[in-house]
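Per-entry structural report
Spelled out from the first residue to the last, the chains are:
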Amino acid sequence: MDNSLPPADELVLVDRELAQLDARRSQLLARRAWLNRVLHAPAASAALPPRPPVADSTPRGAQNVLLTLGGTLLTIAAIAFTLVSWGSMGIGGRAAVLSAVTAAALVAPVALLRRSLVSTAEAVAALGMVLMVLDAYALHRVALPETDGLGYAAVAAAVLAAAWTAYGSALSRLRVPLPVAVVAGQLPLPLGVLAAGGGSTAFAWAALLTAAADGAVVLWARPTPVRITAVTGAVALGGWALLTGGLLSLTSPWDGAPLLLAGAAVTLYLAWCRPSLAVAASAVAGLAAVTAVGGLLRAVVPADWAVPGYVLCGLAAASVWWLRAGTAGTTSASTPEAGTRPGGSTADTSGARLPAGVRLGLACAGAATAALGVVWALPPVAAGLLGPLARTTEVWSGEHAEHASAWYPGTAALVLAVTAAALASLPRLWARCGALALVWALLTALPVSLGLPFAATLALQLLTSAAALCIAVRPGPATRGLRTTAAPGGRSGAPGTDSGPGAPTPPVTAPSAAPSGPSADGPSAPPAGGPGAPWPGWAPVRPRTQAPVAAPGTVLGWSAYAGGLASAVSAVALSLDVRVATFLALGVVLGLCSAVAVLGVDARRVVSACGAVLTATGLVFAVAAAGGFEDHWTALGLLLVPAATAALGARAPRPVALAIEITGGAVGLLALGIAASRPAFLALALALGGVIAAATAVRPERRRFAAWTAAALFLSATWVRLAVWDVTTPEAYTLPVTVPALVVGFLRRRRDPEASSWTAYGPGLAATLLPSLFAAWTDPEWVRPLVLGVAALVVTLLGARFRLQALLVLGGTVLALDGLHELAPYVVQAVGALPRWLPPALAGLLLLAVGATYEQRLRDARRLRDRVARMR
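Residues numbered from 1 in each chain as written. Predicted model: local features only at pLDDT ≥ 70, side-chain atom pairs only at ≥ 80, totals over all residues. Heavy atoms only, no water.

Structural notes on the overall build of the chain
To be explicit about the condition: Per the convention used, a helix needs a DSSP run of H or I reaching at least four residues, while a strand needs a run of E reaching at least two, with both numbered from the N terminus. Remark: exposure states derive from per-residue accessible area (1.4 Å probe, protein chains only) relative to the maximum for the residue type, with buried under 20%, exposed over 50%, and partly exposed in between. Here, residues are in contact when the closest pair of their heavy atoms is within 4.5 Å. Surface accessibility in these figures is a Shrake-Rupley result with a 1.4 Å probe; residues are shielded only by whichever protein chains are displayed.
Helix and strand content of the chain: 32 helices and two strands. Looking at the chain residue by residue over its 872 residues, the buried ones come to 36%. Partitioning the intrachain contacts of the chain with sequence separation of at least 6 by distance along the chain shows that 67% fall at a separation of at least 24. About 49600 Å² of surface is accessible on the chain, with carbon and sulfur atoms providing 70% of the total.

Notes on the environment of A136
Of note, A136 is situated in helix α4 (residues 118-142). On a C-alpha basis, the gap between A136 and L160 in space is 8.8 Å, while along the polypeptide they are 24 residues apart. Residues within four places of A136 in sequence aside, it is in contact with Y152 and A156.

Let's talk about unusual backbone geometry
Negative phi characterises most residues that are not glycine, and trans characterises most peptide bonds. Phi at W396 is positive, roughly 60°, even though this residue is not glycine. Checked against the element boundaries, W396 lands in the loop between α14 (378-386) and α15 (411-424). Residue W396 is classed as partly exposed on the basis of its relative accessible area of 22%.

Things to note about the environment of A234
If you trace the backbone, A234 turns up in helix α9 (residues 224-251). Sequence separation between A234 and T267 is 33 residues, and the spatial gap between their C-alpha atoms is 9.7 Å. Leave out the neighbours within four places in its chain, and A234 touches A211, D214 and G239.

Description of the nonpolar core
Stated precisely, the cut-off is as follows: Put simply, buried Ala, Val, Leu, Ile, Met, Phe, Trp, Tyr and Cys residues joined by side-chain atoms within 4.5 Å make one nonpolar core.
Ranked by size, the top nonpolar core spans 25 residues in total, and within it L682, A685 and L686 carry the most contacts. Sorting the residues of this core by element identifies α20 (602-627), α21 (631-638), α23 (654-675), α24 (679-696) and α25 (703-724) as the ones contributing at least two each. Dropping the residues within four chain positions of it, L682 is found in contact with L672, A675, A676 and V720. In terms of nonpolar packing, the next biggest core, distinct from the first, is built from 23 residues, A363, A435, L438 and A441 among them.

Structural notes on empty space enclosed by the protein
Cut-off, in case you're wondering: Throughout, the protein atoms alone are placed on a 1 Å grid, and a set of points is a cavity if a 1.4 Å probe fits but cannot get out or a pocket if it is open with protein on both sides within 12 Å along at least five of seven lines; lining residues have an atom within 4 Å of a point. Grid points are joined across faces, edges and corners, and a volume is the space filled by probe spheres set on the points. Classification used: nonpolar for Ala, Val, Leu, Ile, Met, Phe, Trp, Tyr, Cys and Pro, charged for Asp, Glu, Lys and Arg, polar for all others including Gly.
The final tally for this structure, using the stated rule, is one cavity of 30 Å³ or more. For the largest cavity, the calculated volume is near 40 Å³. What lines the largest cavity is L385, L443, T444, Q461, T464, S567 and S570. Elements represented by at least two residues in the lining of the largest cavity include exactly α16 (429-450), α17 (454-473) and α18 (552-575). Grouping the amino acids of the lining of the largest cavity by side-chain chemistry returns two nonpolar, five polar and no charged.

Structural notes on the side chain of Q186
Put simply, the rule reads: Polar contacts, as used here, are pairs of N or O atoms within 3.5 Å; protein pairs need one atom able to donate a hydrogen and one able to accept it. Residues neighboring in sequence count only if both atoms are side-chain atoms.
Position of Q186 relative to the elements: it lies in the loop between α6 (177-184) and α7 (188-195). Residue Q186 is classed as buried on the basis of its relative accessible area of 13%. Within the structure, Q186 has its side chain in polar contact with the backbone oxygen of V182 (distance 2.8 Å). If near-sequence neighbours (up to four positions away) are discounted, Q186 is found in contact with T210, D214, G233 and L237.

Structural notes on the packing of helix α22 (residues 640-649) against α23
Rules: Note on definitions: angles span 0 to 180 degrees between N-to-C directions of axes, and those axes are lines fitted to C-alpha atoms, for helices only across the stretch in contact. Roughly parallel covers angles under 35 degrees, roughly antiparallel covers those over 145, roughly perpendicular covers 65 to 115, and oblique covers all other angles. Put simply, a crossing is left-handed when the front helix is turned counterclockwise from the back one by less than a right angle, and right-handed when it is turned clockwise.
At a minimum axis distance of 8 Å, the contact between α22 and α23 shows a crossing angle of 165°. What the angle tells us is that α22 and α23 run roughly antiparallel. Judged by the sense of rotation from one axis to the other, the crossing of α22 with α23 is left-handed. Across from V641, P642, T645, A646, L648 and G649 in α22, the residues of α23 making contact are A657, I660, E661, G664, V667 and G668. Each residue belonging to the contact of α22 with α23 can be placed in one class, and the counts come to seven nonpolar, four polar and one charged.

A few points about the pattern of salt bridges
Put simply, the rule reads: A side-chain nitrogen of Lys or Arg and a carboxyl oxygen of Asp or Glu constitute a salt bridge if their distance falls within 4 Å.
The full count for this structure, using the stated rule, is eight salt bridges. In this structure, the salt-bridge partner of R678 is E630, at a minimum N-O distance of 3.9 Å. Highlighted residues: R678 in the loop between α23 and α24 and E630 in the loop between α20 and α21, separated in sequence by 48 residues. A relative accessible area of 37% places R678 in the partly exposed class. The partner of R784 in a salt bridge is D779, with the nearest N and O atoms 3.1 Å apart. Exposure remark for R784: the relative accessible area of 22% places this residue in the partly exposed category.

Here we look at α6
Within α6 the residues assigned to the buried category are P177, P179, A181, V182 and A184. Looking at the buried side of α6, the elements it contacts are α4, α5 (149-170), α7, α8 (200-220) and α9.

A closer look at the packing of helix α13 (residues 356-376) against α15
Contact geometry of α13 with α15 gives a least axis separation of 9 Å together with a crossing angle of 140°. Compared by their axis directions, α13 and α15 come out oblique. Handedness of the α13/α15 crossing: left-handed. Mapping the contact onto sequence places G373, V374 and W376 in α13 and T411, A412, V415, L416 and T419 in α15. Along the lines of polarity and charge, the residues of the contact of α13 with α15 split into five nonpolar, three polar and no charged.

Digging into the layout of surface pockets
Within this model, the second largest pocket holds a volume of roughly 820 Å³. Surrounding the second largest pocket, 24 residues form its lining, W708, A711, P740, A741 and V744 being those nearest its centre. Only α25, α26 (730-751), α27 (757-760) and α28 (762-778) provide two or more residues apiece to the lining of the second largest pocket. In terms of residues, the lining of the second largest pocket owes the most to one element, α26, which gives ten residues. In terms of residue class, the lining of the second largest pocket is built from 16 nonpolar, four polar and four charged.

Focus on the packing of aromatic side chains
Under the convention used in this document: Stacked, tilted and edge-to-face are the three classes applied to pairs of Phe, Tyr and Trp rings, where Trp contributes its six-membered ring and a pair requires centres within 6.5 Å; stacked means planes under 30 degrees apart, edge-to-face means over 60, and tilted covers the rest. Two conditions define a charge sitting above a ring: the NZ of Lys or the CZ of Arg must be within 6 Å of the ring centre, and it must be within 35 degrees of the ring normal.
Tallying each qualifying case throughout the model produces five aromatic pairs. Measuring from ring centre to ring centre gives 6.4 Å for F203 and W240, while their planes differ by 90°; the resulting arrangement is edge-to-face. Residue F203 is located in helix α8, and its partner W240 is located in helix α9; the two are separated by 37 residues in the primary sequence. Taking relative accessible area as the criterion, W240 reaches 49% and is therefore assigned partly exposed. In this arrangement the basic side chain of R359 is found over the ring face of W321, its NZ or CZ atom lying 4.3 Å from the centre. Note that R801 overlies the ring of F802, its terminal NZ or CZ placed 5.1 Å from the centroid.

Some remarks on a nonpolar patch on the surface
What counts is decided by this rule: Patch building starts from residues that exceed 30% relative accessible area and form no salt bridge, then joins like charges within 9 Å and nonpolar side chains (Val, Leu, Ile, Met, Phe, Trp, Tyr) within 5 Å.
The grouping of W254, L261, V293, L297, V300, V301, W305 and L414 at the surface amounts to a nonpolar patch, some 710 Å² of accessible area in total. If you list the elements that add at least two residues to the nonpolar patch, you get α10 (253-273) and α11 (278-300). Examining the composition of the nonpolar patch, we find that three residues originate from one element, α11, more than from any other. Its location among the elements puts W305 in the loop between α11 and α12 (306-318). The exposure class assigned to W305 is partly exposed, which follows from its relative accessible area of 42%.

What follows is the structure, given as structure tokens:
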């Protein structure tokens, strides 16, 4: 063997390749074991080792319970001693006892803390603080009985708060004194104001100052219980102060505004310094500021302009969102969108930066105020839209009902306009949809707010409907300026589909940083790489599925489309006051719906096509009413609608064609219901409907349903016409069914020889033979039974000749029953003429003959049954 390498080198190379193959095999085996664990995971986890029984209570919990009970009992004893047994001792004894006990209770925690008895020290300290309150009460009862109770309580609360603050600061391991000091600090200023005889305004100012002090504690205190207590006090007293300021802004704006603005300043400072409370605190501050400034504006403007003033203040507060973002006291670079204003301009970046939470809270407060203003402005919108539907005058009477909200302030339209302009300036999809809805609401409310005459109102509603439907068909101009966000995977998303202004872009992490622990979906996946991994450098990546996001054009189009349809319906209802206006409105709405059905997309085409059919139906009714036609002539005119839909359905796209044909069919049923009062015209209407259905059956996709519909309509028309002619012969009603049915059955048997004769010929034969048989049994004449017998005999012979079970069974049964009916009188007469012993004798002979040939007759019956069963 000729080798290109020396044997020693080649041996080293072979060993190296074998080692690599072994390593690769080990990796594959490890990967295979992991896959088997994933696919065949055990249904139940391994049994856990037995856990020791859980005790009903821990030593620490039992200790706390005992200390609490002991402290409570001592407190009760001290209160009883102070209130009940006080008079049995002299002044010196009283002072000595209380002072000694209080001093001992306050000093004892020092020694207890040295021995690490923290819980015991907490209980004794709490007892000492209760004794201090009793000392203050005793001092007032004994030494200062003439002092005002509220004033003394305010001073005592201040002294106790200071003392407990110093005590808690000295013994920092005790958790009770500082929160209790904060609670006591809530009382001095409010009680002092009440003692001085101050009113609600002074009390609100005292509460606000106390809430400001609580805010300072929240900002600068470290213990969590202290901050929680301070936050609770600030919320309670600050909320009371702001509510009082809000009420004052309604009755005395110049007194309430300073209080609200001071509260807003305090709350805003707290939001600025505490990011965790920024959104809620700044929202409260924004509402307080808007209420204050709006109240001042309300005091100097007419009453109708009060709500617009509040809305303008709210929009001003919401505009804070577009200020430069950042963190107070920092010089970090802002985000790319932080300084962008609506329209693409850049905000001034030289000013102070507002934290994102503060901006968001102020924007929410302003948006809430504007939303309340919009709600206040909605009654004229509802009156303009729904007022024509609540008709109080006769149709075409020429009288116009007054709007229900004509008394409403005309500034409601201004609120809608300003809010719509503010939303239109935001490059967001939700804002653009809101602006579109508000513009539509403004146009709907203008006739009510401005008191426009009938013609102007109708024209404005039709123009509103036309503009909205145009946007629904071509929403491109309405989507200009919407911001485009980056979709996952690096693709550019649709404009306006981000979550909101300033939404941060999610960070992209490296694949190696993915966690390798167990996931929520199943067993843990192997690590993506690294030493010891089953397959270094390989890890399956599961694609993230995202919910489909609707395109901005689709969302805006549907929003505009809903408004356009609502305005169209309202315009048609309004136009019923005047005849010419009715024809004009119906014609315009018909043109608009037809245009959207031709130019629109998705389901809007289908809905518009159905709307066009209904509008055309309304036009037919209007023409009939204007011409003074009777109902049956109106019914014939309504058949023009299904005829037109059948003609248009042949050229329209499939979804639109099906929708308009179903709507046209519903109009046809309405026409038949109207024509039912005149049977002759009902027969004509049924026949015309059959013609329409037969013409529709020419189309392959409608052939089956339309053909059966046409047959049913023609048959119904025939029956109604026969009923009008007073025809009572059943064959006149059944033969028009039997003949076509037999023809259809014959054609089916030619196409499918295996088809059953019961399916092909059974319904048609039964439709005539059975009613004729019932009629023959009650017919005293001989012509009908004779003709029926001949027909049944022919059917029976044809069934026997062509081995058709349905013809043989039906024909034979009808022939036998018809013959029995005809022979029954003669049989009865003959039996009556025979001797009475002869019938029993004949019956006996028959039974003997049958019994003698029973087996043969049974074989003949079975053979007959088999032959009939083999027939089709």
